[in-house]
Amino acid sequence: GRKYFFRNISFTGNNKYTSEDLTKILGIKKGDIYDLSVLEERLIYSQNGTDISSLYMDDGYLFFGITPVETKVENDSIDFEIRIVERAQAVYDKIKIIGNTKTSDHVILRELRTRPGQKFSRSDIQRSIRELSQLGFFDPQAN
């Protein structure tokens, strides 16, 4: 098929971070080959945590939204508007351990990177899951 290229990418709805900062994190420049999977990875979830969603979610924005919208297709180039809805930051309330029969709850709680009163952080949740799995108390196959 025909090859397309990114042209102009703009951001709307972003108050927490500047468009310049978000453009740097996105890492897509005018003239780069259009690849929707690269765009989605850099917006929503990259393995190394350098996507725009991680930036927001590590600062408490659990309920924020991000939507890429093609605003113009001209010849072989595509313009995008990245629409962001920031919403309120989320804070941890109570942290409960349910179904634990192998160790004391405090052993599990001390491994958590999350504490009541802290802002939500996706990377802290992921790190806590990794550290809990290393304890060997949980069956990764269980629901």
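Notes on the packing of aromatic side chains
Thinking step 1. Considering all chains together, one arrives at seven aromatic pairs under this definition.
Thinking step 2. Ring plane angle 90 degrees and centroid distance 5.0 Å describe the contact between Tyr-17 and Tyr-56, whose orientation is recorded as edge-to-face. Here Tyr-17, found in the loop between strand 1 (5-12) and helix 1 (19-26), pairs with Tyr-56, found in helix 3 (residues 52-57); they are 39 residues apart in sequence, far enough to count as distant.
Thinking step 3. A ring pair is formed by Tyr-34 and Phe-80, whose centres lie 6.0 Å apart and whose planes are at 15 degrees; its orientation type is stacked. Of the two residues, Tyr-34 is situated in the loop between helix 1 and helix 2 (36-43) and Phe-80 in strand 3 (residues 77-85); the sequence distance between them amounts to 46 residues.
Thinking step 4. Counting every residue linked through ring pairs, the aromatic cluster contains Tyr-17, Tyr-56, Tyr-61 and Phe-64.
Thinking step 5. Over the ring of Tyr-17 we find Lys-16, and its NZ or CZ is 6.0 Å from the ring centre.

Here's the deal with the pattern of salt bridges
Thinking step 1. One pass over the full model with this rule turns up 10 salt bridges.
Thinking step 2. Residue Lys-119 is joined to Asp-59 by a salt bridge in which the shortest nitrogen-to-oxygen separation is 2.7 Å. Here the residue Lys-119 occupies a position in the loop between helix 4 (105-111) and helix 5 (122-135), and Asp-59 occupies one in the loop between helix 3 and strand 2 (65-74), the gap between them amounting to 60 residues.
Thinking step 3. Lys-119 gets classed as partly exposed once you look at its relative accessible area, which sits at 39%.

The rules behind these values
Residues numbered from 1 in each chain as written. Predicted model: local features only at pLDDT ≥ 70, side-chain atom pairs only at ≥ 80, totals over all residues. Heavy atoms only, no water. Phe/Tyr/Trp six-rings, centres within 6.5 Å; stacked < 30°, edge-to-face > 60°. Helix = DSSP H or I, 4+ residues; strand = E, 2+ residues; numbered from the N terminus. Lys NZ or Arg CZ within 6 Å of the ring centre and 35° of its normal. Salt bridge = Lys/Arg side-chain N within 4 Å of Asp/Glu carboxyl O. Buried < 20%, exposed > 50% of the residue type's maximum accessible area, 1.4 Å probe, protein only.

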